[in-house]
Amino acid sequence: MSKPASGSSVRRPFMAHEHNHSHCVDDALEQADAQCRRRGQRLTPLRRRVLELVWASHEPVKAYDLLARLRENNPRAAPPTVYRALDFLLQEGFIHRVATLNAFVGCGEPGEAHGGQFLICTGCGAAAEMDDPQLSAILAERARGLGFRVDHTTLEMSGLCAACQTR
Ligand SMILES: [Zn+2]
Ligand SMILES: [Zn+2]
Ligand SMILES: [Zn+2]
(Lines give C-alpha, C1' and ligand atoms only; values in the text may rest on other atoms or scores of the structure.)
(Ligands and ions follow the chains in the order given, each with its own letter.)
Protein backbone atom coordinates (compact mmCIF):
# COMPACT_ATOMS: atom_id res chain seq x y z
CA MET A 1 0.00 0.00 0.00
CA SER A 2 1.36 3.42 -0.89
CA LYS A 3 0.61 5.25 2.32
CA PRO A 4 1.60 8.91 2.26
CA ALA A 5 3.84 10.14 5.06
CA SER A 6 1.68 10.14 8.13
CA GLY A 7 2.02 10.80 11.82
CA SER A 8 0.80 8.28 14.34
CA SER A 9 -2.42 10.26 14.67
CA VAL A 10 -3.56 9.38 11.15
CA ARG A 11 -6.13 6.63 11.17
CA ARG A 12 -7.00 6.78 7.54
CA PRO A 13 -4.65 8.50 5.10
CA PHE A 14 -5.46 9.91 1.69
CA MET A 15 -4.50 7.20 -0.75
CA ALA A 16 -2.96 7.77 -4.16
CA HIS A 17 -5.77 8.02 -6.69
CA GLU A 18 -4.42 4.87 -8.33
CA HIS A 19 -4.02 2.15 -5.74
CA ASN A 20 -5.14 -1.39 -5.24
CA HIS A 21 -8.34 -0.64 -3.39
CA SER A 22 -9.24 -4.30 -2.91
CA HIS A 23 -6.48 -4.34 -0.24
CA CYS A 24 -8.26 -1.54 1.64
CA VAL A 25 -11.56 -3.44 1.51
CA ASP A 26 -9.97 -6.75 2.53
CA ASP A 27 -8.12 -5.08 5.44
CA ALA A 28 -11.31 -3.46 6.69
CA LEU A 29 -13.32 -6.68 6.53
CA GLU A 30 -10.54 -8.67 8.20
CA GLN A 31 -10.25 -6.15 11.03
CA ALA A 32 -14.02 -6.25 11.53
CA ASP A 33 -14.11 -10.05 11.50
CA ALA A 34 -11.29 -10.21 14.06
CA GLN A 35 -12.80 -7.59 16.36
CA CYS A 36 -16.22 -9.23 16.30
CA ARG A 37 -14.67 -12.58 17.18
CA ARG A 38 -12.78 -10.97 20.09
CA ARG A 39 -15.86 -9.21 21.41
CA GLY A 40 -18.30 -12.02 20.74
CA GLN A 41 -20.31 -9.85 18.33
CA ARG A 42 -21.94 -11.20 15.23
CA LEU A 43 -20.85 -9.76 11.91
CA THR A 44 -23.87 -11.09 10.04
CA PRO A 45 -23.65 -11.37 6.23
CA LEU A 46 -25.82 -8.24 5.97
CA ARG A 47 -23.65 -6.17 8.35
CA ARG A 48 -20.57 -7.39 6.53
CA ARG A 49 -22.09 -6.48 3.16
CA VAL A 50 -23.01 -2.97 4.35
CA LEU A 51 -19.46 -2.49 5.67
CA GLU A 52 -18.12 -3.66 2.32
CA LEU A 53 -20.39 -1.16 0.54
CA VAL A 54 -19.27 1.69 2.81
CA TRP A 55 -15.71 0.76 1.84
CA ALA A 56 -16.58 0.65 -1.88
CA SER A 57 -14.49 3.80 -2.22
CA HIS A 58 -12.72 6.41 -0.08
CA GLU A 59 -15.65 8.79 -0.44
CA PRO A 60 -18.23 9.06 2.32
CA VAL A 61 -21.44 7.37 1.21
CA LYS A 62 -25.02 8.26 2.03
CA ALA A 63 -27.48 5.78 3.51
CA TYR A 64 -29.82 5.87 0.52
CA ASP A 65 -26.95 5.08 -1.85
CA LEU A 66 -26.09 2.12 0.36
CA LEU A 67 -29.69 0.98 0.21
CA ALA A 68 -29.75 1.26 -3.58
CA ARG A 69 -26.59 -0.84 -3.88
CA LEU A 70 -27.82 -3.36 -1.34
CA ARG A 71 -31.02 -3.78 -3.35
CA GLU A 72 -29.07 -4.89 -6.42
CA ASN A 73 -28.64 -8.27 -4.73
CA ASN A 74 -31.31 -8.04 -2.10
CA PRO A 75 -34.37 -6.36 -3.70
CA ARG A 76 -36.42 -6.54 -0.52
CA ALA A 77 -33.93 -4.63 1.64
CA ALA A 78 -35.76 -1.80 3.44
CA PRO A 79 -34.37 1.41 5.00
CA PRO A 80 -34.55 0.06 8.59
CA THR A 81 -32.38 -2.87 7.50
CA VAL A 82 -29.65 -0.50 6.40
CA TYR A 83 -30.01 1.81 9.41
CA ARG A 84 -29.79 -1.08 11.85
CA ALA A 85 -26.67 -2.38 10.14
CA LEU A 86 -25.16 1.13 10.13
CA ASP A 87 -25.95 1.53 13.85
CA PHE A 88 -24.11 -1.67 14.61
CA LEU A 89 -21.10 -0.66 12.51
CA LEU A 90 -21.02 2.80 14.14
CA GLN A 91 -21.29 1.30 17.61
CA GLU A 92 -18.41 -1.10 16.92
CA GLY A 93 -16.33 1.77 15.51
CA PHE A 94 -16.00 0.21 12.05
CA ILE A 95 -17.44 3.30 10.42
CA HIS A 96 -17.92 6.98 11.27
CA ARG A 97 -20.62 9.43 10.34
CA VAL A 98 -19.43 12.53 8.52
CA ALA A 99 -21.92 15.05 9.86
CA THR A 100 -21.42 17.81 7.26
CA LEU A 101 -22.17 15.37 4.45
CA ASN A 102 -24.63 13.21 6.35
CA ALA A 103 -22.67 10.25 5.05
CA PHE A 104 -20.57 7.36 6.32
CA VAL A 105 -16.92 6.38 5.96
CA GLY A 106 -15.04 3.31 7.02
CA CYS A 107 -12.58 3.72 9.89
CA GLY A 108 -9.01 2.89 8.94
CA GLU A 109 -8.16 1.72 12.46
CA PRO A 110 -11.16 0.64 14.46
CA GLY A 111 -10.63 -0.71 17.94
CA GLU A 112 -10.62 1.54 20.96
CA ALA A 113 -13.09 4.44 21.01
CA HIS A 114 -11.89 7.60 19.32
CA GLY A 115 -13.36 10.79 17.98
CA GLY A 116 -12.29 11.33 14.43
CA GLN A 117 -11.08 14.52 12.83
CA PHE A 118 -11.94 14.37 9.17
CA LEU A 119 -10.36 15.93 6.12
CA ILE A 120 -12.67 15.89 3.12
CA CYS A 121 -11.35 16.56 -0.36
CA THR A 122 -13.70 18.66 -2.49
CA GLY A 123 -11.78 17.54 -5.60
CA CYS A 124 -12.07 13.76 -5.50
CA GLY A 125 -14.47 13.42 -2.59
CA ALA A 126 -12.12 11.23 -0.56
CA ALA A 127 -12.02 11.51 3.23
CA ALA A 128 -9.03 11.02 5.50
CA GLU A 129 -9.21 10.60 9.25
CA MET A 130 -6.92 11.91 11.95
CA ASP A 131 -7.17 11.27 15.65
CA ASP A 132 -4.88 13.80 17.25
CA PRO A 133 -5.40 13.88 21.03
CA GLN A 134 -3.47 17.17 21.31
CA LEU A 135 -5.91 18.84 18.98
CA SER A 136 -8.89 17.60 20.98
CA ALA A 137 -7.19 18.71 24.22
CA ILE A 138 -6.66 22.26 22.90
CA LEU A 139 -10.29 22.53 21.81
CA ALA A 140 -11.53 21.17 25.13
CA GLU A 141 -9.34 23.65 27.01
CA ARG A 142 -10.62 26.61 24.97
CA ALA A 143 -14.17 25.43 25.54
CA ARG A 144 -13.50 25.14 29.28
CA GLY A 145 -12.44 28.78 29.15
CA LEU A 146 -16.04 29.54 28.19
CA GLY A 147 -17.34 27.41 31.02
CA PHE A 148 -18.25 24.67 28.60
CA ARG A 149 -17.70 20.97 29.20
CA VAL A 150 -17.08 19.06 25.98
CA ASP A 151 -18.65 15.62 25.71
CA HIS A 152 -17.96 14.99 22.08
CA THR A 153 -15.93 16.76 19.41
CA THR A 154 -16.65 16.51 15.72
CA LEU A 155 -14.14 18.18 13.49
CA GLU A 156 -14.46 18.20 9.73
CA MET A 157 -12.30 20.16 7.33
CA SER A 158 -12.79 20.53 3.59
CA GLY A 159 -10.07 21.28 1.07
CA LEU A 160 -7.91 19.53 -1.49
CA CYS A 161 -5.86 16.38 -1.01
CA ALA A 162 -2.24 16.34 -2.25
CA ALA A 163 -3.14 14.47 -5.44
CA CYS A 164 -5.92 16.90 -6.33
CA GLN A 165 -3.65 19.93 -5.71
CA THR A 166 -1.15 18.78 -8.31
CA ARG A 167 -3.77 18.13 -10.94
ZN1 LIG B 1 -8.42 2.14 -1.08
ZN1 LIG C 1 -11.81 6.05 13.10
ZN1 LIG D 1 -8.66 14.74 -3.70
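Right above here is the structure, for reference.
Every chain's residues receive numbers from 1 upward, in the order its sequence appears when written. Labels are handed out in written order, letters beginning with A for the chains and numbers beginning with 1 for the ligands. The model is predicted, so local features are restricted to residues of pLDDT at least 70 and side-chain atom pairs to those at 80 or more, both for listing and for counting; the totals for chains, interfaces and linings are taken over all residues. No hydrogens and no water enter the side-chain calculation; it runs on all heavy atoms of the structure.

**Q** Hey, could you run me through the environment of Glu-109 in this one?
**A** Helix and strand labels come from DSSP, where a helix needs a run of H or I of at least four residues and a strand needs a run of E of at least two; each type is numbered from the N terminus. Structurally, the position occupied by Glu-109 is in the loop between strand S3 (103-106) and strand S4 (117-121). The buried label applies to any residue whose accessible area, calculated with a 1.4 Å probe on protein chains only, is under 20% of its type's maximum; exposed applies above 50%, and partly exposed to all values in between. Using a relative accessible area of 34% as the deciding quantity, one classes Glu-109 as partly exposed. The spacing of Glu-109 and Leu-139 is 30 residues in sequence and 23 Å in space, taken between C-alpha atoms. We call two residues in contact when some of their heavy atoms are within 4.5 Å. Setting aside its immediate chain neighbours within four residues, Glu-109 contacts Val-10, Arg-11, Gln-31 and His-114.

**Q** For this particular structure, what's the right way to read empty space enclosed by the protein?
**A** A water-sized probe rolled over the atoms picks out the places where empty space is left. We place a 1 Å grid over just the protein atoms. Points where a 1.4 Å probe fits but has no way out form a cavity, open points with protein on both sides within 12 Å along at least 5 of 7 lines form a pocket, and any residue with an atom within 4 Å of a point lines it. Grid points are joined across faces, edges and corners, and a volume is the space filled by probe spheres set on the points. Scanning the model with the defined rule gives 1 cavity of 30 Å³ or more in all. Here the largest cavity defines a volume of roughly 30 Å³. What lines the largest cavity is Ala-28, Ala-32, Leu-51, Trp-55, Phe-94, Cys-107 and Pro-110. Here the lining of the largest cavity is built from residues that sort into 7 nonpolar, no polar and no charged. Put simply, Ala, Val, Leu, Ile, Met, Phe, Trp, Tyr, Cys and Pro go in the nonpolar bin, Asp, Glu, Lys and Arg in the charged bin, and everything else, Gly too, in the polar bin.

**Q** Explanation requested: the coordination of the zinc ion (ligand 1) in the structure shown.
**A** Octahedral six-donor coordination of a metal ideally yields angles of 90 or 180 degrees, compared with 109.5 degrees for tetrahedral four-donor coordination. In this analysis a donor is any N, O or S atom within 2.8 Å of a metal ion (3.2 Å for sodium, potassium and calcium), and since water is not included, sites may seem incomplete. Protein ligation of the zinc ion (ligand 1) involves His-19 (NE2), His-21 (ND1), Cys-24 (SG) and His-58 (NE2), the donor distances falling in the range 2.0 to 2.3 Å. Taken together, the 4 donor atoms surrounding the zinc ion (ligand 1) define angles of 102 to 116° at the centre, an arrangement classified as tetrahedral. Each donor residue of the zinc ion (ligand 1) belongs to the same chain, with the gaps between them written as H-x1-H-x2-C-x33-H. In short, tetrahedral needs four donors with all angles between 85 and 135 degrees, square planar needs four and octahedral six donors with opposite donors over 155 degrees apart and all other angles between 65 and 115, and whatever is left is irregular.

**Q** What is the right way to read the sheet that holds strand S6 (residues 155-159) from this model?
**A** The strands making up a sheet associate through hydrogen bonds between their backbones, and the pairing can be parallel or antiparallel. Strand order in the open sheet formed by 4 strands is S1-S5-S4-S6, and the pairing between neighbours is mixed. Each edge of the open sheet is held by one strand with a lone partner, namely strand S1 (10-12) and S6. Averaged over neighbouring strand pairs, the angle between their axes works out to 25° when direction is ignored. In short, DSSP must find at least two bridges between two strands for them to pair. Of the strand pairs in this sheet, S4 and strand S5 (residues 127-130) are connected by 4 bridges, and their pairing is antiparallel. Residue pairing in the sheet places Phe-118 in a bridge with Glu-129 of S5. Comment: axis = line fitted to C-alpha atoms, over the contacting stretch for helices; angle = value between 0 and 180 degrees taken between N-to-C directions.

**Q** Before we go on, may I ask you to explain unusual backbone geometry in this structure?
**A** Leaving glycine out, the prevailing phi sign among residues is negative, and the prevailing peptide bond configuration is trans. Of note, Asn-102 is a non-glycine position whose phi angle comes to about 50°, a positive value. If you trace the backbone, Asn-102 turns up in the loop between strand S2 (95-98) and S3. Taking the relative accessible area as the measure of exposure, Asn-102 reaches 45% and is therefore partly exposed.

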